[in-house]
Amino acid sequence: MSDTPFGFGLPPEEPDNGDEGKKKGNQGGQGGPANPFGFPGAGLPGAGGPGGADNPFAAMFGSMNPNDLGAAFQQLGQMLSYEGGPVNWDMAKDIARQTVAQGTADGVKDASVGTAEKAAVEEAVRLADHWLDSVTSLPSGATTAVAWSRAEWVEATLPVWKELVDPVAERVGAAMGDVLPEEMQAMAGPLLGMMRSMGGAMFGQQIGQAVGTLAGEVVGSTDIGLPLGPAGKAALLPLNVEAFGKDLGVPSDEVRLYLALREAAHQRLFAHVPWLRSHLFGAVEGYARGIKVDTSKLEDVVGQLDPSNPEQLQEALQGGMFQPQDTPEQKAALARLETALALVEGWVDAVVHEAAKPRLTSADALRETLRRRRASGGPAEQTFATLIGLELRPRRLRDASRLWASLTDARGVDGRDGLWEHPDMLPTASDLDDPDGFVHREQLDFSEIDKMLGEAAAQKPEQDRRDQDGDDTK
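Rules and cut-offs
Position labels on residues start from 1 in each chain and follow its written sequence. Only residues with pLDDT of at least 70 get local features here, since the model is predicted, and only at 80 or more are side-chain atom pairs given and counted; chain-wide, interface and lining totals rely on the full set of residues. Just so you know, side-chain values use all the structure's heavy atoms and leave hydrogens and water out. Each helix is a run of DSSP H or I of at least 4 residues and each strand a run of E of at least 2, with the numbering of both proceeding from the N terminus. With a 1.4 Å probe rolled over the protein chains alone, any residue whose accessible area is under 20% of its type maximum counts as buried; one over 50% counts as exposed, and the rest are partly exposed. Residue contacts are defined here by distance: any two heavy atoms, one from each residue, within 4.5 Å place the two residues in contact. The Shrake-Rupley method, run with a 1.4 Å probe, gives the accessible areas here. Residue values count only the displayed protein chains as cover. Axis angles are defined between N-to-C directions and span 0 to 180 degrees, where every axis is a line fitted to C-alpha atoms and, for a helix, only to the segment in contact. By the definition adopted for this analysis, an angle is roughly parallel if under 35 degrees, roughly antiparallel if over 145, roughly perpendicular if from 65 to 115, and oblique otherwise. In a left-handed crossing the near helix is turned counterclockwise from the far helix by less than a right angle, and in a right-handed crossing that turn is clockwise. Following the grouping adopted for this structure description, the nonpolar residues are Ala, Val, Leu, Ile, Met, Phe, Trp, Tyr, Cys and Pro, the charged ones are Asp, Glu, Lys and Arg, and the polar ones are all others, Gly among them. Identification of polar contacts relies on pairs of N or O atoms within 3.5 Å, with a donor-acceptor requirement for protein atoms, meaning one able to donate a hydrogen and the other able to accept it, and with residues adjacent in sequence counted only if both atoms are side-chain atoms. Expected helix span is computed as 1.5 Å times (number of residues minus one). The reported arc concerns the directions from the helix axis to the C-beta atoms and nothing else. Only buried residues count toward a nonpolar core, which is a set of Ala, Val, Leu, Ile, Met, Phe, Trp, Tyr and Cys residues joined through side-chain atoms within 4.5 Å. Salt-bridge detection follows one rule: a side-chain nitrogen of Lys or Arg within 4 Å of a carboxyl oxygen of Asp or Glu. Think of it this way: a Phe, Tyr or Trp ring, Trp meaning its six-membered ring, pairs with another when their centres are within 6.5 Å, and the plane angle makes it stacked under 30 degrees, edge-to-face over 60, tilted otherwise.

Participant: Teacher, can you tell me more about the overall build of the protein here?
Facilitator: When its secondary structure is counted, the protein shows 20 helices and 4 strands. Residues counted as buried form 47% of the 474 residues belonging to the protein. Summarising the internal contacts of the protein: among those between residues at least 6 apart in sequence, 78% fall at separations of at least 24. A total of about 22,700 Å² of accessible surface is found on the protein, and carbon and sulfur atoms cover 52% of it.

Here it is as structure tokens:
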């Protein structure tokens, strides 16, 4: 994934003709000056081609062949003609698929999932659900078990990425128009329109690269603690599951089963805690509302911007033109999100360990590996931090897991899982500091309140009818 937020560089295409294809994809070189739009030789001294400096087209496009040139202009046209929302999701999807097709850094290419792999995933999820029945009162949330390739993961999760990223991209994009006085905005309409189109394309390109890279690392649909896939589908990626367990010295069937336990546990939470999804996504939206763009810097850049000079725009973007600033609103929303993620991940960690410990000899080793993977800042955190400054790290996973385990000892499985009935019943960040105090504190019973509210709602239509009848007799 690119370390440059909102960068322009196009990912190289997948080689389709052996060594020749690799040469074609590397013409732009590595480690050279910034190369906007991925044009080989663009703006570089001594760019190849007949005519050299006397031939501006040769200097700009170097030795690019006609097919590459056509593709570059086609993508540039898509960027400038885009008139949709804050993110060009068509471009994001295309680039994510291209990134997946290139394979991961270790040279492993994506591959279709075979019949045997599908059967193994289905059996692992079936067995995992059976084991979970004895350690949680929440019923199964997986109506189907699926084995995805990396490309299938991209296709299945893009709708949720859209829901997560659009609010933040919308807020950042709005700042581009806010920096101009109102009387100047009408005069600058064409420029603003182009900037919005470019902004949508920049978000789309960066998100596409990020999601495509993430597809090479995730093992299921809930790795980041959010439900990225369709409801009710417990998903594993056999290729990535194999890579995850490669150097652990653990039998592959145990690795698959442990990851299936985590996936199935997440599915139970999101299926049977109806408010949880909106609670998590609402924290992301709250973060978006708190974004404050450095408008003074943006004003300076817009005032000096030459739309005909793409290198200048690229340099502005690399300089953090749209980097959001920390605000109290952002910090509060991020704290809410981190606590919620810690509670989700802590519950999953606790119930999976309870189910796996008596049955899998590698349960402790796999648990510790996954804890470190999540708590140290995995691929999801890098993705969001690069895109929008938002981290998805459950920093207090271990604290939350200990609290859920203590609740199990003190109140039993039903008492522990009953806390998911209402968001106000869940532990807070301060409760993670004092788990014993929370465990032994008397909890509010929201069931009676909900019952009273339901009865009041049922009585209202009858009262309205009586009032209407009274008016009619007057």
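Participant: Would you take a moment to explain the packing of helix 11 (residues 276–289) against helix 14 (residues 328–356) for this structure?
Facilitator: Each pair of packed helices can be described by the angle between their axes along with the distance between the axes. Close contact between helix 11 and helix 14 brings their axes to 8 Å; oriented N to C, the two are set at 155°. In this view, helix 11 runs roughly antiparallel relative to helix 14, as classed from their interaxial angle. Crossing of helix 11 over helix 14 shows left-handed handedness. Contacts between helix 11 and helix 14 involve Leu276, His279, Leu280, Ala283, Val284, Gly286 and Tyr287 on the former and, on the latter, Gln330, Ala333, Leu337, Ala340, Leu341 and Val344. Class assignment for the residues of the contact of helix 11 with helix 14 results in 10 nonpolar, 3 polar and no charged.

Participant: Can you walk me through the packing of helix 14 against helix 17 (residues 397–417) in this structure?
Facilitator: Between helix 14 and helix 17, the least distance of the axes is 8 Å, while the angle of their chain directions is 65°. The way helix 14 lies across helix 17 gives a crossing that is right-handed. Between helix 14, through Ala342, Leu343, Glu345, Gly346, Trp347, Asp349, Ala350, Val351 and Glu354, and helix 17, the contact on the second element is made entirely by Leu397, Ala400, Ser401, Trp404, Ala405, Thr408, Arg416 and Asp417. Residue composition of the contact of helix 14 with helix 17, by class: 9 nonpolar, 3 polar and 5 charged.

Participant: What is the right way to read the environment of Ala156 from this model?
Facilitator: Considering the arrangement of structural elements, one finds Ala156 in helix 6 (residues 150–178). Ignoring anything within four residues of it in the chain, the contact list for Ala156 reads Trp148, Leu228, Gly229 and Pro230.

Participant: Just checking my understanding: could you explain the side chain of Ser221 for this structure?
Facilitator: Topologically, Ser221 is positioned in the loop between helix 8 (189–215) and strand 2 (233–236). Residue Ser221 is classed as buried on the basis of its relative accessible area of 1%. Within polar-contact distance, the side chain of Ser221 engages the side chain of Glu263 at 2.5 Å. Not counting residues up to four positions away in its chain, the partners in contact with Ser221 are Trp148, Trp153, Leu226, Pro227, Leu228, Gly229, Lys233, Ala235, Glu263 and Gln267.

Participant: Before we go on, may I ask you to explain the side chain of Asn240 in this structure?
Facilitator: Within the secondary structure layout, Asn240 lies in helix 9 (residues 238–244). If sequence neighbours within four positions are ignored, Asn240 has contacts with Arg150, Ala215, Gly216, Glu217, Val218 and Val219.

Participant: Explain helix 4 (residues 89–102) here, please?
Facilitator: For an α-helix the count is 3.6 residues per turn, leaving residues at separations of three or four pointing the same way. Between its terminal C-alpha atoms helix 4 stretches 20 Å, which fits the 20 Å expected from 14 residues at 1.5 Å a residue. Those residues of helix 4 lying buried are Trp89, Met91, Ala92, Ile95, Ala96, Thr99 and Val100. All buried residues of helix 4 project into a common sector of 165° when viewed along the axis, lining one side. For helix 4, the N-terminal cap is Asn88; the gap from its side-chain oxygen to the backbone nitrogen of Asp90 is 3.4 Å. Phi for Gly103, located one or two positions after helix 4, is positive at around 90°.

Participant: Please explain the nonpolar core as it appears in this structure.
Facilitator: Nonpolar side chains tend to gather and get buried jointly when the protein is soluble and globular. Counting 91 residues, the largest nonpolar core has Trp153, Trp161 and Trp420 as its most contacted members. Considering every element that reaches this core, the biggest residue donor is helix 14, with 13 residues. When near neighbours in sequence (up to four residues on either side) are disregarded, Trp153 contacts Trp148, Trp161, Val211, Leu214, Ala215, Val218, Gly220, Ser221, Leu228 and Leu237.

Participant: Is there a simple way to explain the pattern of salt bridges in this structure?
Facilitator: Where charged atoms of side chains with opposite charge meet at close range, the side chains can pair. A full pass over the atoms with the stated rule returns 20 salt bridges. Here the salt bridges do not stand alone but share partners, grouping Arg396, Asp399, Arg402 and Asp433 into one network.

Participant: Which parts of the structure should I look at to understand the packing of aromatic side chains?
Facilitator: Note on aromatic pairs: each is described by the distance of the centres and the angle between the planes. Applying the stated criterion across every chain, the model contains 4 aromatic pairs. Here Trp347 and Trp420 contribute two aromatic rings whose centre-to-centre distance is 6.5 Å and whose plane-to-plane angle is 85°, an arrangement assigned as edge-to-face. One end of the pair, Trp347, is in helix 14; the other, Trp420, is in the loop between helix 17 and helix 18 (429–433), and 73 residues separate them in sequence. Site record: aromatic cluster; members linked through ring pairs are Trp275, Trp347, Trp404 and Trp420.

Participant: What exactly am I supposed to notice about the environment of Leu214 here?
Facilitator: Considering the arrangement of structural elements, one finds Leu214 in helix 8. For the pair Leu214 and Val100, spaced 114 residues apart in the sequence, the C-alpha separation amounts to 9.0 Å.

Participant: I keep staring at the environment of Ala92 and nothing clicks. Help me out?
Facilitator: Within the fold, Ala92 resides in helix 4. Considered as a pair, Ala92 and Lys162 are 70 residues apart in the sequence and their alpha carbons are 10.0 Å apart. Among residues more than four places away in sequence, those in contact with Ala92 are Gly204 and Gly208.

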